[in-house]
Each structure stands twice: as C-alpha cells, then as structure tokens.
Amino acid sequence: MNWDDTTDSPAAERLVGASADREDQAVESALRPKDLDEFIGQEKVREQLDLVLRAARARGATADHVLLSGAPGLGKTTLSMIIAAEMGAPIRITSGPAIQHAGDLAAILSSLQEGEVLFLDEIHRMSRPAEEMLYMAMEDFRVDVIVGKGPGATAIPLELPPFTLVGATTRAGLLPPPLRDRFGFTAHMEFYEPAELERVIHRSASLLDVEIEADGATEIAGRSRGTPRIANRLLRRVRDYAQVKADGIITKDIAAAALAVYEVDARGLDRLDRAVLEALLKLFGGGPVGLSTLAVAVGEERETVEEVAEPFLVREGLLARTPRGRVGTPAAWAHLGLTPPRSSAAGNGQQDLFGA
C-alpha cells in the first residue's frame, strides 16, 4: 500500500527487498490510500500531520515544509501525495540525484504554482550548490539566479510563490543541520507491527479482488519484515500460487506453501539471508569473522552482504557487528536449528579461556 523510491540496486531484485521494482510501480497507483483516514499505521505521524494540515487550511496558508525519514517502503511517497490531496494542491515529484546543479533546482522552483507541493525524494543526495539554493527558497521563497561568469556575474533575485516542500530520506543523519532546521515538521516512519500489516494485506486483497482468509493474511504479514511494500509484493506472489495450485483462496497453508516456493521463511529471511547465517555459523563457528571473508564464503560482493543482507539480520537480532567481526547470536543458531559449539561463549565463537 505504501511505497517510496525506486532503485536498481541488488535489493530491488529480491522478493523481500524494500525498494520498488517495475511491478510495484505498475500496481501502486491502484493501492495507494488517498487520504489520512485510509492510511494504515504510523499512528503518531498521522495524528501530528493531520494537525499541521488542518491548521494550515484554517489559516488559508500553505502547509509547513515536511521532512519524512525512514526505511524504504514505509509510505513516505504515499504521505507526500496525501499531503497534496489534503491541501487541494498539485504535486511535483523529483529526487535528489536528479538535481545535480543549482540551475536544475531553479528551473523547478520557478515553475511552481502557489501552494504546490514539491516532493523531493532522497533529498540527502542532492548536490551541495542546489542544497544551498534550497535554504533561501524554503525560508524566504526567493532564489538568486546567477547570470554570467567571473567578475561580471550578477545575481538576479527571483521571487517564488509560497509552496510546501516535502523531503524524504532514508538517511536523515546525512542531512546538514541548516537544511534540517528549515523543515517545520519532521517525522520518522517506523516499521509496521504484524497486526498493522494484516490490515494492509486485507485492504490490498480487496482492491486486487483476491479472497484471503484471516490466517492467510497473518502468515504473509509475519514474513513481510515490517514493511507494507514487501507485504503487498508477497501478497501478489501468493495470489499467483493460489490461482495456479489451488482454488484462488489464500489460506494459511497456501500462503506458507507459496512462500516456501519463493524461499521466504517464517521469519522473512530469503536465500541470501540464510546463506549469510549458514556461512557464519557452519563455516566459522558463529564468528567473529571479517565482512570480506564472509562475503567470499557466500559468493557475494562485500557491499551486497553489508547493505542488503545485514541490516535486517541485525534488526532481527540474528547477527551482531563487533569490532572483531560479524558474530552469530543465539537466536541465529535457534532459527537454523543448529547447536552452538561448546567452545563458543554465548554463541559468539569466542574461546573459553579455561576450556570449559
């Protein structure tokens, strides 16, 4: 139901990757909620944002600039569209990587209508010159356009109509303080609870005209990594399985069987996740082991292991990053049904000094 950015990274190719692929883009317009009442989850953010928008409408003014941060797939793009809809304003969508020069940003800003919402995805990846231009635009609704070069260059002030900037970022820590401070409202998107994802799945199933039982939705929600985008993707794959292998109705058993075909286990781990854990536990006794060595053991690039597999494993408490290397936790041994060697201390592969 809720989507954010698109990427060509390895994560985009995974069924449990949080970035949007082409199929996600093709169906997202039909599944996106249209207003805050339809939006599921993020209760605090919805309540706070509702107050901001209601107050702006009551004053007859544009809404404050909004910064949304959080992992991909949690609903940042969806909320930006809802902000525009709630304010009765058009929305312009662009991204940080697309703005490489200050002139790129000036062209966008100068064409905005009064009250328009400008959604800037991955705002932390914008070029520094454009970023500095954005400071003045957000604060004073004005930009200085430089004409000419060298000593003869002149700055022509350009007045802008009031607008609302909605910035989205997966890495809020990379935003410089001067930019972050210019947002009137900042919200952090949290991962969803399974019960919330079940509501997302039931809503999406209804819109996709898919019959799903309560325990089927529960089974899919438990494997969705707290992310609505992943829940919707798994729902579509389970729907396909149910139509081909069963009577089209998604039950718990059908969902489990379908996701077993796609190698997504009960905790949401896929082939890459399990390969990392199995190498760590079976080949290196639970660690500690260096990232490069672990990557070679699973036949993947170092960046793929670090940026694609590890974040979820760490969040689930299955893997720990230590100064000495990666360490498998007791939960990892239990999840794979393995017994930690006696020589490991608390399952982390550290030798007992006394051999006990």
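Residues numbered from 1 in each chain as written. Predicted model: local features only at pLDDT ≥ 70, side-chain atom pairs only at ≥ 80, totals over all residues. Heavy atoms only, no water.

**Describing the overall build of the chain**
Working step 1: The helix and strand inventory of the chain stands at 14 helices and nine strands.
Working step 2: Taking as baseline every contact in the chain between residues at least 6 positions apart, the subset at least 24 positions apart corresponds to 70%.
Working step 3: Put simply, the chain shows about 16,500 Å² of open surface, and 51% of that area lies on carbon and sulfur atoms. (Helix = DSSP H or I, 4+ residues; strand = E, 2+ residues; numbered from the N terminus. Contact = heavy atoms within 4.5 Å. Areas by Shrake-Rupley, 256 points an atom, 1.4 Å probe, with all protein chains shown as cover.)

**Describing the layout of surface pockets**
Working step 1: Computed from the structure, the second largest pocket encloses a volume of approximately 150 Å³.
Working step 2: Considering the residues around the second largest pocket, the lining is formed by 15 residues, among which Pro194, Gly222, Arg225, Gly226 and Glu316 are closest to the centre.
Working step 3: Elements that contribute at least two residues to the lining of the second largest pocket include exactly α7 (194-207), α8 (214-222) and α13 (302-315).
Working step 4: Counted by class, the lining of the second largest pocket contains seven nonpolar, three polar and five charged residues. (1 Å grid on protein atoms, 1.4 Å probe; cavity = no way out; pocket = protein on both sides within 12 Å on 5 of 7 lines; lining within 4 Å. Points joined across faces, edges and corners; volume = space filled by probe spheres on them. Nonpolar A, V, L, I, M, F, W, Y, C, P; charged D, E, K, R; others polar.)

**Considering the confidence of the model for the chain**
Working step 1: Here the chain averages 84 in pLDDT, while 87% of its residues score no lower than 70.
Working step 2: A low-confidence stretch, residues 1-12 (pLDDT under 50), is modelled with 59 contacts involving residues beyond four sequence positions or located in other chains.
Working step 3: The low-confidence segment residues 345-356, where pLDDT is below 50, has 23 contacts with residues more than four positions distant or belonging to other chains. (pLDDT = per-residue confidence, 0-100.)

**Topic: the packing of aromatic side chains**
Working step 1: Following the criterion strictly, the structure yields one aromatic pair and no others.
Working step 2: The cationic tip of Arg225 hangs over the ring face of Phe312; the distance from NZ or CZ to the ring centre is 3.9 Å.
Working step 3: Taking NZ or CZ as reference, Arg315 lies 3.6 Å from the ring centre of Phe191, over its face. (Phe/Tyr/Trp six-rings, centres within 6.5 Å; stacked < 30°, edge-to-face > 60°. Lys NZ or Arg CZ within 6 Å of the ring centre and 35° of its normal.)

**A few points about the side chain of Asp265**
Working step 1: Mapped onto the elements of the fold, Asp265 is located in the loop between α10 (252-261) and α11 (271-283).
Working step 2: There is a polar contact of 2.9 Å between the side chain of Asp265 and the backbone nitrogen of Leu269.
Working step 3: Those residues in contact with Asp265 that lie beyond four places of it in its chain are Arg223, Arg274 and His335. (Polar contact = N/O pair within 3.5 Å; in protein donor to acceptor, adjacent residues only side chain to side chain.)

**Observations concerning helix α3 (residues 76-87)**
Working step 1: Helix length check: α3, at 12 residues, gives a terminal C-alpha distance of 17 Å against a target of 16 Å (1.5 Å per residue), a fit within 8%.
Working step 2: Burial analysis of α3 places nine of its 12 residues in the buried class, the great majority of the element.
Working step 3: Within α3 the residues assigned to the buried category are Lys76, Thr77, Thr78, Leu79, Ser80, Ile82, Ile83, Ala84 and Met87.
Working step 4: Its buried side turned inward, α3 meets α2 (43-59), β1 (66-69), β2 (91-95), β3 (117-121) and β6 (164-169). (Expected span 1.5 Å × (residues − 1). Buried < 20%, exposed > 50% of the residue type's maximum accessible area, 1.4 Å probe, protein only.)

**Side note on the pairing of β1**
Working step 1: Alternating residues of β1 divide into Val66 and Leu68 and Leu67 and Ser69, and every residue in both groups is buried.
Working step 2: Where β1 lies against β6, four bridges are found, and the strand directions are parallel. Residue pairing across strands places Leu67 opposite Gly167, the latter belonging to β6.
Working step 3: In this sheet, strand β7 (residues 185-188) lies alongside β1 in parallel orientation, the contact comprising four bridges. Among the inter-strand pairings, Leu67 is bridged to a residue of β7, identified as Thr186. (Pairing = 2+ DSSP bridges.)

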